Amino acid sequence: MEQKTNYRALSILISVFFFWGFVAASNSILIPLFKEKLNLSQFQAQLIDFAFYAAYFIGTLIYFVVQKVTEKDPLNKIGYKNGIILGLVISAIGALGFYPAAEMQSFPVMLLALFTVGLGFSLQQTAAQPFVIALGDPTTGAHRLNLAGGINNLGTTIGPVLISFAIFGAVSQSDAIVNSLDSIKYPYLILAFFFLLVAFLLKISTIPEITTTEKLEKGFGALKYPQLVLGMTAIFVYVGAEVSIASNLGEYLNQKMHLDASQISQYISLFWGSMMIGRWSGAISVFNPKQSTRLILQIVVPYLAFAVYLWINTIKGSPIENVLAYSGCILILILANIFTYNKPIKSLITYSILGALAMLIGIFGDGNLALFSVISGGLFCSIMWPCIFPMAIAGLGNYTSQGSAFLIMMILGGAIIPPIQGLFSDYVGIANSYFVVFFCFLYLGFFAIKTNSILKKQGLNFDQTNA
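Remember, predicted model here, so these are calculated numbers, not experimental data.

(A) Broad picture of the nonpolar core. Counting residues in hydrophobic clusters, the biggest one holds 148 residues, and the most contacted among them are Leu249 and Tyr434. Residue contributions to this core peak at 18 residues, all from helix α1 (residues 7–37). Leave out the neighbours within four places in its chain, and Leu249 touches Tyr267, Ile268, Phe271, Leu371, Val374, Ile375 and Tyr434.

The following block contains the structure:
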């Protein structure tokens, strides 16, 4: 008998996915703001990402160590719902920390607050994704995760716009930087309220508590699989590249386009909107449409997502005529989608090449062509996670869960690579610093080719199986 989806529970739960995207993308607004206000180097400003993404690593590491020491899954003891509630409370405490950080104008206190938000997110992520799958028929779990992912991308698109408006509002550009740092406490106070509200709604809801009976494997046997080891590096590099493009984009806009922190939100939002455009496009195959319908959707859906971005920025009052030419980059994405036809290895190789070329144009080019090329990195990053992850855990058998845990830990790349690019920027300029991202894309192409060879030797023809 088919298990019905608990849509009421799902509607509450996917709001958590929105928060993850909202906060992560909003960091791209905080970085240039703190750099200008506190006279930080680009490397120091990138510590914002380091604090946030290192929290994911530390949180997952703590969870993994407890799991191994006790030989029990801690979430299995308290339940997925209580795990999410606890994570929301931790994130709320971190969001409240922005108030003293703004009052004191203290960069270290702000980093600690952001680290605490990220620590709560790491627990929420560990619990929420299997919880979403468990809220209905397991065979349709991918559909629910895709819906949740779409909400996450909506958060990444809206976040920079709302945070920028909340901080700068209608203040003149000359006063924006002077007055804006104190203003960060208000949106994060509101965010803390929503964290606690969702935690309360989950607590009083009739959502059944869910646990797992999956057997835990002893030792670190997953590391004997070369596809996992290469995949761990690929996740590290992928997350690092994605975050680094966005986090250094504010400085790129400042140096090459002469825009200050109060003027960049529509471009930061366009990068994260590009992630939404790409992922909405990639979601088409989940519903297994007919070939003719798929072709139509591959053209319509990306521009529909672009229209959502334009609508959001129109409401804020941003001049959208500045970004209409970006539709040409979206056309390249559509052609690449048709060419790769949802084959993970072919897709990863194609988008790695396109991403590397886009970075080169951003480095050596000028004007909107260079700017849109850098931003288009979001389009080409967007489909990489669902390509890398299944390739890395293919053939792991009983070590699949352990391998997944190792891969999640590699979100650490978002903490390490942006500061590395920031350090390069301080010495060679912001444009040349995007060589860091260029080499990240090259590695991802190498990963796809090498892993394809490894899997074939293990009797797995990945693209043929997953076409």
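(B) Quick peek at a nonpolar patch on the surface. Together, Leu295, Ile296, Ile299, Val300, Leu304, Leu331, Leu335 and Ile338 make up an exposed nonpolar region whose accessible area comes to about 700 Å². Taken together, the elements giving at least two residues each to the nonpolar patch come down to α14 (291–316) and α15 (327–340). If one sorts the elements of the nonpolar patch by residue count, α14 sits on top with five residues. For Val300, the location among the structural elements is in helix α14.

(C) The arrangement of unusual backbone geometry in detail. The backbone of Asn39 sits at a positive phi, close to 55°, despite the residue not being glycine. As for its position among the elements, Asn39 is in the loop between α1 and α2 (42–45). Take Asn39: its relative accessible area is 67%, and that puts it in the exposed class. For Gln105, which is not glycine, the phi dihedral falls at a positive 50°. On the secondary structure map, Gln105 appears in the loop between α6 (98–104) and α7 (107–134).

(D) Representation of the confidence of the model for the protein. Here the protein shows a mean pLDDT of 82. Residues at 70 or above account for 85%. Residue range residues 170–179 is modelled with pLDDT below 50. Its contacts to residues more than four positions away, or to other chains, number 12 contacts.

Parameters at a glance
Residues numbered from 1 in each chain as written. Predicted model: local features only at pLDDT ≥ 70, side-chain atom pairs only at ≥ 80, totals over all residues. Heavy atoms only, no water. Core = buried A, V, L, I, M, F, W, Y, C linked by side-chain atoms within 4.5 Å. Buried < 20%, exposed > 50% of the residue type's maximum accessible area, 1.4 Å probe, protein only. Helix = DSSP H or I, 4+ residues; strand = E, 2+ residues; numbered from the N terminus. Contact = heavy atoms within 4.5 Å. Patch = residues over 30% accessible without salt bridge, like charges linked within 9 Å, V, L, I, M, F, W, Y side chains within 5 Å. Areas by Shrake-Rupley, 256 points an atom, 1.4 Å probe, with all protein chains shown as cover. Salt bridge = Lys/Arg side-chain N within 4 Å of Asp/Glu carboxyl O. pLDDT = per-residue confidence, 0-100.

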